[in-house]
Amino acid sequence: MVASEVRALFAVASRPEIVSLAGGMPNVDALPLETLGELMAELTRERGGTALQYGSAQGDPGLRESVCGVMSLEGIDAHPDDVVVTVGSQQALDLIARVFLDPGDTVVAEGPTYVTALGVFAACQARVAQVAMDEEGVDPGALAETFGRLAAEGRPAKLFYTVPTFQNPAGVTLSAERRAAVLEVCRRAGVLVVEDNPYGLLHYDQGEPMRALRADDPAGVVYLGSFSKTLAPGLRVGWALAPSAVRDKLVLAAESAMLSHSVFSQLVVDRYLRTQPWAEQLKEFREMYRERRDAMLGALAAHMPRGVRWTSPGGGFFVWASLPEGLDSKAMLPRAVGARVAYVPGTGFYADGGGRSHLRLSFCYPPTERIEEGVQRLASVIGEELTLRDTLGLSPGAER
Ligand code: PMP
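As a starting point, this report considers the structure included with it. Keep in mind that what you see is a predicted model, and the values were worked out from it rather than measured.

Here we look at the nonpolar core
In step 1: Counting 130 residues, the largest nonpolar core has Met 71, Phe 160, Tyr 161, Phe 227 and Leu 361 as its most contacted members.
In step 2: Here the element with the most residues in this core is helix 10 (residues 278–303); it accounts for eight residues.
In step 3: Mapping this core onto the domain boundaries places at least three of its residues in each of domain 1 (5–30 + 280–391) and domain 2 (53–275).
In step 4: Excluding its chain neighbours within four sequence positions, the residues that come into contact with Met 71 are Ile 76, Ala 78, Val 83, Tyr 223, Trp 239 and Leu 241.

And the structure:
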């Protein structure tokens, strides 16, 4: 196990003079904190004997029922019996890895992929093969090829780990047309899909959420959800929705990992969903993050030197930027921090050290004027790097 690049950055990026476009922290200050405080006090008074006691490893039945209501927004028809509550979706990922992966096994993931998923797979000594994406997510043909190649090498893929909607870190979404094809490719190859979807309800351009992969293949997909981005990550409540045989193993793995969840956290979330106007809250979050997304895209267009490219996310927290040839996002980071802006170098999102010409920019946490300031600072740093590159004759083709 090694420290992730994102973790290592947190200490530096949290200094007040630095605009951090690095972390993916949701803006919990936008929550109705007074109301949540009252709700917690009420819960302790009325149901303290249950809320402060051990609970079951599968999770509170009431919350599991509420979770099914949340998932129905993405077209999922689920039964509470098939839901396993977890400590954030991160734990769901960890439990799935424990259940499915032996050392040397291969997981297929998108390239780039979620940094802490790579950490989980590495801890299981699994290998990760990554499939490149474009603006429409992963290409089903390339995915099929990768499955075929791995099978021919005698190490068939065990899982396909995907963040199909508003991907972390790339900010892209698997298009509706490709969703059916990706499911078909996985079905044919006999590979279980792990659909990690913490951002699906944070959509900024369309009226309705994307239909989840799980909605069209209940037997072939384990779906991971989370209240970290739609409510609060500090509560640590997420879940897995799994075919029953997988669900049973996840419950056993959860039991040995932590005996019981925080019943208190689960009941807080359940009471919040049942008594508060959370759909309205979600709408407020969408409006706030949309403004921040627009501020970032506007600032990138206004300030970035020619040759820098970036994705335009329709939701979620992240923009993925590509640097002109010859520039290295990892080598550039100390200079960026010196200029009081932080980002995550692309290398953290690849298992093989790729991604040096990329970086992840998040727009979830700083207010719009700070985002604009941060992008402007970053654009200056990239501009200086380009000048240096050209002066030293390092530009592509300069040797010719
Ligand atoms: N998956 C993805 C893609 C994420 O971005 C995150 C949070 N950064 C998680 C899982 C884990 O979130 P949590 O454990 O808070 O639900």
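That covers the picture; the talk isn't over yet.
Observations concerning the sheet that holds strand 14 (residues 358–362)
In step 1: Spatially, four strands are ordered 10-11-14-13 in an open sheet, and the strand pairing comes out antiparallel. Looking at the sheet topology across the chains shown, the edges are occupied by strand 10 (309–310) and strand 13 (344–345).
In step 2: Relative to strand 11 (residues 318–322), strand 10 runs antiparallel, the two being bridged by two bridges. Bridge pairing in strand 11 links Trp 310 to Ala 321.

Comments concerning the pairing of strand 2 (residues 83–86)
In step 1: Side chains of strand 2 alternate between two faces, with Val 83 and Val 85 and Val 84 and Thr 86 buried alike.
In step 2: Where strand 2 meets strand 9 (residues 238–241), four bridges bridge the pair, whose relative direction is antiparallel. Note on strand 9: the bridge partner recorded for Val 85 is Trp 239.

What about the sheet that holds strand 8 (residues 221–226)?
In step 1: A sheet is described by the order of its strands in space; here eight strands give the open sequence 2-9-8-7-6-3-4-5, paired in mixed fashion. For this open sheet the edge positions go to strand 2 and strand 5 (137–138), each flanked by a neighbour on one side alone.
In step 2: Against the sheet, helix 3 (residues 61–72) engages strand 2, strand 8 and strand 9, with an angle of about 105 degrees to strand 2.

Conventions used here
Residues numbered from 1 in each chain as written. Predicted model: local features only at pLDDT ≥ 70, side-chain atom pairs only at ≥ 80, totals over all residues. Heavy atoms only, no water. Core = buried A, V, L, I, M, F, W, Y, C linked by side-chain atoms within 4.5 Å. Buried < 20%, exposed > 50% of the residue type's maximum accessible area, 1.4 Å probe, protein only. Helix = DSSP H or I, 4+ residues; strand = E, 2+ residues; numbered from the N terminus. Domains from an automatic or database assignment. Contact = heavy atoms within 4.5 Å. Pairing = 2+ DSSP bridges. Axes fitted to C-alpha atoms, helices over the stretch in contact; angles between N-to-C directions.

Spatial relationships are all this shows, so hold off on functional conclusions.
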